[in-house]
Amino acid sequence: MNYSLFDDASDMQPWIEPICEGALILRHFSVSDEIALLDGIQQILSKHPFRQMRTPNGHRMSVAMTCCGEVGWVSDSNGYRYSAYDPENGEHWPAMPDSFYLLAVQAAQEAGFPDFKPDSCLINQYQARSHLSLHQDKDEKNLGAPIVSFSLGIPATFLFGGMQRTDAIQRYHLAHGDVVVWGGPARLRYHGVAPIKEAAHPLLGTQRINLTFREAI
Ligand code: SIN
Ligand code: FE2
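I will try to describe carefully the structure that is included in this document. Keep in mind the model is a prediction, meaning the values are calculated, not measured.

**Here's the deal with the coordination of the iron ion (ligand 2)**
Here the iron ion (ligand 2) is held by the protein donor atoms His-135 (NE2), Asp-137 (OD) and His-191 (NE2), which lie 2.1 to 2.2 Å from it. Taken together, the four donor atoms surrounding the iron ion (ligand 2) define angles of 88 to 176° at the centre, an arrangement classified as irregular. Given the relative accessible area of 22%, His-135 is considered partly exposed. The exposure class of His-191 is buried, given its relative accessible area of 4%.

**Comments concerning the site of ligand 1**
With respect to spatial proximity, the complete set of residues near ligand 1 consists of Asn-124, Tyr-126, Leu-132, His-135, Ser-149, His-191, Val-193, Arg-208, Asn-210, Thr-212 and Arg-214. Contacts to ligand 1 include Tyr-126, whose side-chain N or O atom sits 2.5 Å from an oxygen atom. Residue His-191 places a side-chain N or O atom 3.0 Å away from an oxygen atom belonging to ligand 1. Within the complex, the protein chains bury 98% of what would otherwise be the 260 Å² of accessible surface of ligand 1. Put simply, the parts of the chain that give the shell around ligand 1 at least two residues each are strand S6 (120-126), strand S7 (132-135), strand S12 (191-193) and strand S13 (208-214). Ranked by residues supplied to the shell around ligand 1, first place goes to S13 with four residues.

**Regarding the environment of Ala-145**
In this fold, Ala-145 is placed in the loop between S7 and strand S8 (147-153). Sequence separation of Ala-145 and Val-31 is 114 residues, and the distance between their C-alpha atoms is 24 Å. Contact partners of Ala-145, with chain neighbours within four places excluded, come to Phe-116, Arg-187 and Glu-215.

**Regarding the sheet that holds strand S2 (residues 23-27)**
Strand order across the open sheet formed by seven strands is S1-S2-S11-S8-S13-S6-S3, with antiparallel pairing between neighbours. If you trace the sheet from one side to the other, it starts and ends with strand S1 (15-20) and strand S3 (64-69), each paired once. Pairs of neighbouring strands in the sheet enclose a mean axial angle of 20°, with direction left out of account. Two strands pair when backbone bridges link them, and S6 and S13 are joined in this way by seven bridges, in the antiparallel orientation. Residue Tyr-126 lies in a different strand from S13, and its bridge partner there is Arg-208. Across the sheet, helix H2 (residues 98-110) lies against S1, S2, S3, S6, S8, strand S11 (179-182) and S13, angled at about 115° from S8, the strand it touches most.

**Here's the deal with unusual backbone geometry**
Here His-28, not a glycine, exhibits a phi torsion of approximately 65°, which is positive. Position of His-28 among the secondary structure elements: in the loop between S2 and helix H1 (34-47). Even without being glycine, Arg-129 reaches a positive phi, approximately 80°. Structurally, Arg-129 can be placed in the loop between S6 and S7.

**Remarks on H1**
With 14 residues, H1 extends 21 Å between its outermost C-alpha atoms, agreeing within 8% with the 20 Å of an ideal straight helix rising 1.5 Å per residue. Within H1, the full set of buried residues consists of Glu-34, Leu-37, Leu-38, Gly-40, Ile-41, Ile-44 and Leu-45. Taken around the axis of H1, the buried residues stretch over an arc of 160°, which confines them to a single face. The exposed residues of H1 that point more than 90 degrees off its buried face are Gln-42, Gln-43, Ser-46 and Lys-47.

**Notes on the nonpolar core**
Across soluble globular proteins, nonpolar side chains have a tendency to be buried as a group. Grouped together as the largest cluster of nonpolar side chains are 32 residues, with contacts concentrated most on Phe-100, Val-148, Phe-150, Leu-211 and Phe-213. Put simply, the parts of the chain that give this core at least two residues each are S2, H1, S3, H2, S6, S8, S11 and S13. Ignoring any residue separated from it by four or fewer positions in sequence, one finds Phe-150 in contact with Phe-29, Ser-30, Leu-37, Leu-103, Ala-104, Ala-107, Asp-178, Val-179, Ile-209, Asn-210, Leu-211 and Phe-213. Counting 29 residues, the second largest nonpolar core, distinct from the first, contains Met-53, Trp-73, Tyr-82 and Leu-132.

Rules behind the numbers
Residues numbered from 1 in each chain as written. Chains lettered and ligands numbered in written order. Predicted model: local features only at pLDDT ≥ 70, side-chain atom pairs only at ≥ 80, totals over all residues. Heavy atoms only, no water. Donors = N, O, S within 2.8 Å, 3.2 Å for Na, K, Ca; no water. Tetrahedral: all angles 85-135°; square planar, octahedral: opposite > 155°, others 65-115°. Buried < 20%, exposed > 50% of the residue type's maximum accessible area, 1.4 Å probe, protein only. Near = heavy atom within 4 Å. Polar contact = N/O pair within 3.5 Å; in protein donor to acceptor, adjacent residues only side chain to side chain. Areas by Shrake-Rupley, 256 points an atom, 1.4 Å probe, with all protein chains shown as cover. Helix = DSSP H or I, 4+ residues; strand = E, 2+ residues; numbered from the N terminus. Contact = heavy atoms within 4.5 Å. Pairing = 2+ DSSP bridges. Axes fitted to C-alpha atoms, helices over the stretch in contact; angles between N-to-C directions. Expected span 1.5 Å × (residues − 1). Arc of directions from axis to C-beta. Core = buried A, V, L, I, M, F, W, Y, C linked by side-chain atoms within 4.5 Å.

Geometry only, nothing functional implied.
Here's what the structure looks like:
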């Protein structure tokens, strides 16, 4: 992948936008692989459709989720955890498609994390007004591995805070094809997604899909 110094939306050249030490955005990274990603998502959804999970305190999340990989992230009245099985049907989560794995590893490499070996991919579906409250990703065993997060479809405002929930928040516009990577000293930074604005994308329609790759177990 060749990086240019400037954002050139006309030809979707990838470029890197730093956030802080350990965190950056790979702009336009996955645009050329969008069809492979969408095919993979469709296959996963055929057996493991999006569902709105409940938080441990009983609230239904506005983001709908499904998973692939050795384990998937699940939430219910018993708490947040990784499970090898889809609680909706008791079946093992589907394997992570090779194309997903290779793209996630490549993105981590570009971001300076050459040893990333994701075993879990959470697939988040946002509709207009869906949001994700500020949180830390800390249910994973290997906190030395980064989080690699792909955006597809309609845009979002990504909220990136500090190590405390009350720290100042930076806001980043995330478009189709952008990938955020955070690890090292940034691995436990609070982050979230502001309420999604109504929009339409030529391939994905009125939704945003986010793929979050992690070394979970
Ligand atoms: C997450 O934090 O799990 C998802 C972030 C996103 O949707 O961009
Ligand atoms: Fe997260």
